[in-house]
Amino acid sequence: MDIFSDSRTVLTFDAGGTNFVFTAMKAGQEVVDPITLPSHADQLDLCLKTIKTGFDQVLSRLDESAVAISFAIPAPTDYFNGVVGDLKNLPGFRGGVPLAKILENQYQMPVFMNNDGDLYAYGEALGGFLPEVNRMLEKAGNPKRFKNLYGLTLGTGFGGGFVSDGTLIRGDNSIASEVWILSNSITPSRNAEEEVSIRAITRNYARASGRTEDLSPKDIYEIAAGNQEGDRGAALEAFATMGRHLGDVIANLVSLTDGLVVMGGGIAGADRFFMPAIMEELERDFDFRKHDPIPRMIQKAFNLNEESGRNGLCEVTGKFIDLPGSDQKVYYDEQAKVAIGTSRIGTTRAISLGACAFALNQLDR
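For every chain, the first residue of the written sequence is number 1, and numbering continues from 1 onward in sequence order. Note on the predicted model: pLDDT of at least 70 is required for a residue's local features to be given, and 80 or more for side-chain atom pairs to be given and counted; whole-chain, interface and lining totals, by contrast, use all residues. To get the side-chain values, all heavy atoms of the structure are used, and hydrogens and water are removed first.

Chemist: What exactly am I supposed to notice about the overall build of the chain here?
Modeler: Counting from the N terminus, the helices are DSSP H or I runs at least four residues long and the strands are E runs at least two residues long. Broken down by element type, the chain carries ten helices and 18 strands. Within these notes, the globule rule equals 2.2 Å times the number of residues to the 0.38 power, and the radius of gyration is based on C-alpha atoms. For 365 residues, the compact-globule estimate of 2.2 N^0.38 gives 21 Å, and the C-alpha radius of gyration of the chain, at 22 Å, lies within 12% of that figure. Taking the principal axes of its C-alpha atoms as reference, the chain extends roughly 65 × 65 × 35 Å. Burial status follows relative accessibility: with a 1.4 Å probe on protein chains alone, a residue under 20% of its type maximum counts as buried, one over 50% as exposed, and anything between as partly exposed. The buried share of the chain, reckoned over its 365 residues, is 48%.

Here it is as structure tokens:
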């Protein structure tokens, strides 16, 4: 679907534990300035009143009516039935609250809820990383085109979503692509999120430096960059350790999905410190057969955050081979390629695009 030519308006909001941010999307763009209100996360009645106030204010600023409400909210949530579960950052919703039906009754329009990792991936697939990569290939004269994308969010937690040929893969319980619970070969006793998150960076820095002061990931980033005093070696190691674990996850995901991988979220801005470790993991061999090693991945992975990676992906490695018994030729490229990179449009915008597109797609279906 082309969300940038669709003239329907969708209401969205970002359900944060501290603040709710309300806006409206049309043709892939915000059509009102975002409205931020305190969430009152521990008081359900006040929280619901806040949601109504936010949407009322957005509607009062629109020149046309909206066709749906669509937004991201964390798990545990029954997304198919629109029931919010026991959220840590919204404790007022504990016990199950049918938020979608509440809003449908209030505004007499369809309401769609989804996981932020899913909507992030959907936005990047329809209006971000995936079309950008395909445009880059087209400009370079390379016939290769991608249709599959896995989106990863790196921050307080570790989230993800998978889009295949324009379809968001949700699973039978709407919890497909829950990467946070995956295992990893580097630290098998922990799930992936424990090694790919804000707390992983702070824990790894404290262990490597022997220091106990409470530093944020931004502080550790500034130390790694040489802009702030601290143990620079420990800071670099903290990001590299996370990168190795993240590389292990990505290698498994690419083996399953065979597509692009894009990363967003607060930690993604430190990509120069963890991307080398990711690529090293993607390029290593399984060494159980010493004389005949097996590559970690079938595909060759390119880092699109570097010029050499962009050039490598765009290089035309295929050739035309003869079709026996005719004068026809068939294009053949024996080198399977995938690409890894960070978001160009930003996580918040990607989620908004995904939320809008998901609602429009559901309405059309």
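Moving on from the coordinates now.
Chemist: Teacher, can you tell me more about the environment of Gly 127 here?
Modeler: Residue position: Gly 127 is located in helix H3 (residues 116-127). Distance in space between the C-alpha atoms of Gly 127 and Arg 349 is 9.7 Å, their sequence separation being 222 residues.

Chemist: What's the story with unusual backbone geometry in this structure? I'm lost.
Modeler: Trans peptide bonds make up most of the peptide bonds, and negative phi angles are found at most residues other than glycine. For the bond from Ala 75 to Pro 76, the omega torsion is 5°, close enough to zero to count as cis. By the element assignment, Pro 76 lies in the loop between strand S5 (68-72) and strand S6 (77-78). Positive phi, normally seen in glycine, also occurs at Ala 27, with a value near 55°. Look at Ala 27 and you get partly exposed, because its relative accessible area is 24%. Unusually for a residue other than glycine, His 40 sits at a positive phi of about 50°.

Chemist: Help me understand the pairing of strand S18 (residues 337-342), please; the structure alone is not making it clear to me.
Modeler: The side chains of a regular strand alternate, residue by residue, between the two faces of the sheet. With six of six residues buried, S18 lies mostly within the body of the structure. Of the two faces of S18, the one holding Lys 337, Ala 339 and Gly 341 and the one holding Val 338, Ile 340 and Thr 342 are both buried throughout. Note on pairing: two strands pair once DSSP finds at least 2 bridges between them. Here strand S12 (residues 260-264) runs beside S18; their pairing, made up of three bridges, is parallel. Within S18, the residue paired with Met 263 across the bridge is Thr 342. Note that strand S15 (residues 300-303) and S18 share four bridges and pair parallel. By the bridge assignment for S18, Phe 302 is matched with Ala 339.

Chemist: Help me out: how do you make sense of the pattern of salt bridges in this one?
Modeler: Side-chain pairs of opposite charge can arise where the charged atoms are in close proximity. A pairing counts as a salt bridge when a side-chain nitrogen of Lys or Arg comes within 4 Å of a carboxyl oxygen of Asp or Glu. Tallied over the full model, the rule gives 16 salt bridges. Asp 364 serves as the salt-bridge partner of Arg 8, at 3.0 Å between the closest nitrogen and oxygen. Of this pair, Arg 8 sits in the segment before strand S1 (9-15) while Asp 364 sits in helix H10 (residues 347-364); the two residues are 356 residues apart in sequence, bridging distant segments of the chain. Residue Arg 8 is classed as partly exposed on the basis of its relative accessible area of 24%. Taking the shortest distance from any N to any O, the salt bridge between Lys 52 and Asp 56 comes out at 2.9 Å.

Chemist: Looking at this structure, how should I read the side chain of Glu 124?
Modeler: Residue position: Glu 124 is located in helix H3. Only four residue types enter the tally: Lys and Arg on the positive side, Asp and Glu on the negative side, with His and both chain ends excluded. The buried charged residue Glu 124 lacks any salt bridge, with Arg 344 as its nearest oppositely charged partner at 8.0 Å. In this description, contact between two residues means that some pair of their heavy atoms is separated by no more than 4.5 Å. When residues no more than four places from it in sequence are discounted, the contact partners of Glu 124 are Phe 129, Leu 130, Pro 131, Leu 149, Val 262, Ser 343, Ile 345 and Ala 350.

Chemist: Sorry, what's going on with a nonpolar patch on the surface here?
Modeler: Two distance rules govern patches: like charges are joined within 9 Å, and nonpolar side chains (Val, Leu, Ile, Met, Phe, Trp, Tyr) within 5 Å, applied only to residues with over 30% relative accessible area and no salt bridge. Reported accessibility uses the Shrake-Rupley method at a 1.4 Å probe radius. Residues are deemed covered only where the shown protein chains occlude them. Together, Ile 321, Leu 323, Val 330 and Tyr 332 line one region of the surface with nonpolar side chains, adding up to about 300 Å² of accessible area. Residue position: Ile 321 is located in strand S16 (residues 319-322). According to the relative accessible area criterion, Ile 321 is partly exposed, its value standing at 34%.

Chemist: What is the right way to look at the packing of helix H6 (residues 217-224) against helix H7 (residues 232-257) in this model?
Modeler: Between two packed helices, what matters for the description is the angle formed by their axes and the separation of those axes. Working convention: axes come from line fits to C-alpha atoms, limited for helices to the stretch in contact. Angles between N-to-C directions cover 0 to 180 degrees. Put simply, H6 and H7 touch, their axes get as near as 8 Å, and they point 120° apart. Taken as a pair, H6 and H7 cross one another with a handedness that is left-handed. Contacts between H6 and H7 pair Pro 217, Ile 220, Tyr 221, Ile 223 and Ala 224 from the former with Arg 232, Ala 235, Leu 236 and Phe 239 from the latter. Tallied by class, residues from the contact of H6 with H7 come to eight nonpolar, no polar and one charged. In this scheme the handedness of a crossing depends on how the near helix is turned from the far one: anticlockwise by less than a right angle means left-handed, clockwise means right-handed. In the scheme used here, Gly and all other residues not listed as nonpolar or charged are polar, with Ala, Val, Leu, Ile, Met, Phe, Trp, Tyr, Cys and Pro taken as nonpolar and Asp, Glu, Lys and Arg as charged.

Chemist: Just to check I follow, could you spell out the packing of H3 against helix H4 (residues 129-139) for this structure?
Modeler: It is at 4 Å that the axes of H3 and H4 come closest, and there the two elements cross at 25°. Taken together, the axes of H3 and H4 lie roughly parallel to each other. Across the interface between the two elements, Glu 124, Ala 125, Leu 126 and Gly 127 of H3 pack against Phe 129, Leu 130 and Pro 131 of H4. Classifying every residue of the contact of H3 with H4 gives five nonpolar, one polar and one charged. Our angle categories are set so that under 35 degrees counts as roughly parallel, over 145 as roughly antiparallel, 65 to 115 as roughly perpendicular, and the remainder as oblique.

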